[in-house]
Amino acid sequence: MAREPARRPGRPRSQHARQAILAAAMELATAEGPASLHMEAIAKRAGVSKETLYRWWRSKTEVILDAMAEYGQQAVPLPDTGTLLGDLGEFLHATADSVNPPTASVLRHLAAAAAADEGQALQIRDRFLARRRAALGELLDRAVARGEIEAGHAVLARDLIYGSLWYRLIFRTGPVDHAWARDVAAAIAARSRPGA
């Protein structure tokens, strides 16, 4: 499971303030776009000082990544239907629902930042992508334990799922919708059956 990014030294975080900051960052990023977002605006919307913000995060990118990871965790809960197909179907349907136009815009911005700068790519991978992959990994690990999918196929399934999602998002080759969720879940589950 992905570890939470290390917290900077200082006073312990107020959970209320943290949630207010992450909510503010998400609201502003989806409304105005990440490029025009500033730490001062996040602090003002959250009702905290800029000093508080900088004590916990070094940059607006860190805040946005944590906000996106938190949003993903809340919008895409981890189902436990007892089957790989059921779990993947619910997980991917919720994923499709979470990728609304404003959120898709933020994700495209993150992809562009990752493509342009290796440091940004590592930060996006470690603060955001790793947490989403870990959630899907937990679902797939349960299927491995039930004998529904081999461990090697479970690792590949993560790449296939998120690869198809990002390909559609970045290059707009098709929607990330319920049909995508159903087809990807069915393809992974079918390939995972013994003898497939």
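Predicted model only: the values in this text are computed from it and were never measured.

On to the overall build of the protein, then. Along the protein, the regular secondary structure elements total nine helices and zero strands. The N-to-C order of helical and strand elements in the protein reads α-α-α-α-α-α-α-α-α. A globule of 196 residues ought to have a C-alpha radius of gyration of about 16 Å, and the protein, at 18 Å, matches this closely. Principal axes of the C-alpha set define a box for the protein whose edges measure 60 × 35 × 30 Å. The buried share of the protein, reckoned over its 196 residues, is 42%. Counted over contacts in the protein with a minimum sequence separation of 6, partners at least 24 positions apart contribute 69%. Carbon and sulfur atoms form 55% of the exposed surface of the protein, whose accessible area is close to 10200 Å². Between the centroid of the 26 positive side chains of the protein and the centroid of its 22 negative side chains there is a distance of 5 Å.

Since the α-helix packs 3.6 residues into each turn, any two residues three or four apart lie on the same face. Its 18 residues give helix H1 (residues 15-32) an end-to-end C-alpha distance of 25 Å, which sits within 8% of 26 Å, the value for a rise of 1.5 Å per residue. Burial in H1 covers these residues: Ala17, Arg18, Ile21, Leu22, Ala24, Ala25, Met26, Leu28 and Ala29. The inward-facing, buried residues of H1 abut helix H2 (39-46), helix H3 (50-56), helix H4 (60-75) and helix H6 (101-116). Following H1 by one or two positions, Gly33 has its phi on the positive side, about 90°.

Moving on, we come to the environment of Trp180. Relative to the elements of secondary structure, Trp180 occurs in helix H9 (residues 178-192). Once the C-alpha coordinates of Trp180 and Leu165 are considered, the two residues, 15 residues apart in sequence, prove to be 8.7 Å apart. In this view, Trp180 contacts Leu92, Ala96, Ile161, Ser164, Leu165, Arg168 and Pro175; residues no more than four positions away in its chain are not counted.

We now examine the confidence of the model for the protein. Note that predicted coordinates carrying low pLDDT should not be read in detail. Per-residue confidence for the protein averages 92 on the pLDDT scale, and 91% of its residues sit at or above 70. When mean pLDDT is taken per element in the protein, helix H5 (residues 84-98) scores highest with 98 and H3 scores lowest with 93.

What counts, and where the lines are drawn
- Residues numbered from 1 in each chain as written.
- Predicted model: local features only at pLDDT ≥ 70, side-chain atom pairs only at ≥ 80, totals over all residues.
- Heavy atoms only, no water.
- Helix = DSSP H or I, 4+ residues; strand = E, 2+ residues; numbered from the N terminus.
- Rg over C-alpha atoms; globule rule 2.2 N^0.38 Å.
- Buried < 20%, exposed > 50% of the residue type's maximum accessible area, 1.4 Å probe, protein only.
- Contact = heavy atoms within 4.5 Å.
- Areas by Shrake-Rupley, 256 points an atom, 1.4 Å probe, with all protein chains shown as cover.
- Lys, Arg positive; Asp, Glu negative; His and termini not counted.
- Charge placed at Lys NZ, Arg CZ, Asp CG, Glu CD.
- Expected span 1.5 Å × (residues − 1).
- pLDDT = per-residue confidence, 0-100.

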